[in-house]
Amino acid sequence: MAEKIRMDSHKLIYHPDVVARWMKGENIYPIEVEISPSGACNHRCVFCAVDYIGYQPDFLDKDIILRDIAKMGQKGLKSVICSGEGEPLLNKNMPDIANGIKACGVDVAMSSNGALFTKDKAKECLGAFTWIRFSVASMERESYDKIQRGKPGDLEKVKENLTEAVGIKRDQKLKTTLGVQCLLLPDNMAQLPDMARQCREIGVDYLTIKPYSQHLHSENTFQIDYEAMLALENEVKQYETDRFSVYFRANAMKKVHQEKSYRQCLGLPFMTHIDAKGNVWPCVAHIGTKEFCYGNIYEQSFEEIWEGTRRQEILHQLHKLDINKVCREACRLDEINRYLDDLKNPGEHVNFI
């Protein structure tokens, strides 16, 4: 599974036609879009990147987002991740949104804290998802409650929901990949080997352990020495089997506090973000910075926004900024940017393959 998922790399190599069109200067449509079905959240995680937004009870309109997803699919959109600034399942229409996206011929995935993904919800929409990733800080109650700051008993609900989802996947013979994601922090590192063991026993497909990445506007700040934590990889990987993988993202951890080798975020045309209010942003890092908002899908169609002059003007502005000052460390687009920068700025002797 590890080689196919490419958890710590990128997947633009599987879309050479789109990359070739981009290299020619064409206005390509995003391959992936992240949407926020909900601005509200039932947790107040200490590491939340978008705490500054304020967990507002905004919810994407099902009909509006499906209208645009259908048209975007015709223009080249391949996938939608339901995640964003809140908990997706607080949107009562989340199952219909997932099933609707799948019906458009577009792959759909979800990142959730898992406390609301009940057996009934799973039966309703589990089969629509290519993958679901549960964000779980720990499998030990004290550290889980301290980090995720949800309601008492949420960890037990998450474990139950994971177990039910695994059972439904097996009973219905679904291909949906079920994973657990954990942010590595000083308060949970001691529990991670046992967390790997419990995830394997529950029957999920993988556990991924990633570093904290400071958001420019977040009120939360952590100074973490990940070099001192790299030895943990061997402890958690001992629980891997042929059916259960552990992705310890050491490469991403080493890149924290590391200056970027490229000067522009070239990956922005390949993905975008739509928040719970319908605003379209270059990426999560710029949510809330009004001058970088492409537009709003309640006021214009996505097509009008994407092909409009405002987006091009914003991209031009962003390319003037110092990427090491305005972007997050170990950003999701980092590997894509390294790849695209190599294509734009090849070294010598490239014809000798």
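The preceding data block contains the structure.
Everything numeric in this text was worked out from a predicted model, so none of it was measured.

**Student:** A description of the overall build of the protein should follow, citing residues and the corresponding values.
**Tutor:** Counting its secondary structure elements, the protein contains 14 helices and 10 strands. Since a compact globule built from 353 residues should have a radius of gyration of about 20 Å, the 20 Å found for the protein is in line with a globular shape. Dimensions of the protein, computed from C-alpha atoms along their principal axes, come out at roughly 50 × 45 × 40 Å. The buried share among the 353 residues of the protein stands at 53%. Accessible area of the protein: about 16700 Å², with a carbon and sulfur share of 47%. Averaged over its 47 positive side-chain charges, the protein has a centre that lies 3 Å from the centre of its 51 negative ones.

**Student:** Tell me about the pattern of salt bridges, and please be specific about residues and values.
**Tutor:** Between side chains of opposite charge, a pair can form as their charged atoms come close. All told, the structure shown has 18 salt bridges when counted by the stated rule. Linking D205 and K169 is a salt bridge whose minimum nitrogen-to-oxygen distance equals 2.8 Å. In this pair, D205 is assigned in the loop between α8 (192-202) and β6 (206-210) and K169 in helix α7 (residues 154-171), connecting sequence segments 36 residues apart. Accessibility assignment for this pair places D205 and K169 in one class, buried. A salt bridge links E240 to K237, with the shortest nitrogen-to-oxygen separation between them at 3.4 Å. For E240, a relative accessible area of 32% gives the class partly exposed. Through salt bridges that share partners, K255, D334, E335 and R338 make up one connected network.

**Student:** Which residues make up the sheet that holds strand β9 (residues 279-281), and what values do they have?
**Tutor:** Taken in spatial order, the 10 strands of this open sheet run β7-β6-β5-β4-β3-β2-β1-β8-β9-β10, and their pairing is mixed. Only two strands of the sheet have a single partner each, and these edge strands are β7 (245-248) and β10 (295-296). Here strand β5 (residues 177-183) runs beside β6; their pairing, made up of 5 bridges, is parallel. Within β6, the residue paired with G179 across the bridge is Y206. Contacts from helix α4 (residues 94-103) reach β1 (32-35), β2 (79-82), β3 (107-112) and β4 (129-135), with the element oriented near 150 degrees to β3.

Parameters at a glance
Residues numbered from 1 in each chain as written. Predicted model: local features only at pLDDT ≥ 70, side-chain atom pairs only at ≥ 80, totals over all residues. Heavy atoms only, no water. Helix = DSSP H or I, 4+ residues; strand = E, 2+ residues; numbered from the N terminus. Rg over C-alpha atoms; globule rule 2.2 N^0.38 Å. Buried < 20%, exposed > 50% of the residue type's maximum accessible area, 1.4 Å probe, protein only. Areas by Shrake-Rupley, 256 points an atom, 1.4 Å probe, with all protein chains shown as cover. Lys, Arg positive; Asp, Glu negative; His and termini not counted. Charge placed at Lys NZ, Arg CZ, Asp CG, Glu CD. Salt bridge = Lys/Arg side-chain N within 4 Å of Asp/Glu carboxyl O. Pairing = 2+ DSSP bridges. Contact = heavy atoms within 4.5 Å. Axes fitted to C-alpha atoms, helices over the stretch in contact; angles between N-to-C directions.

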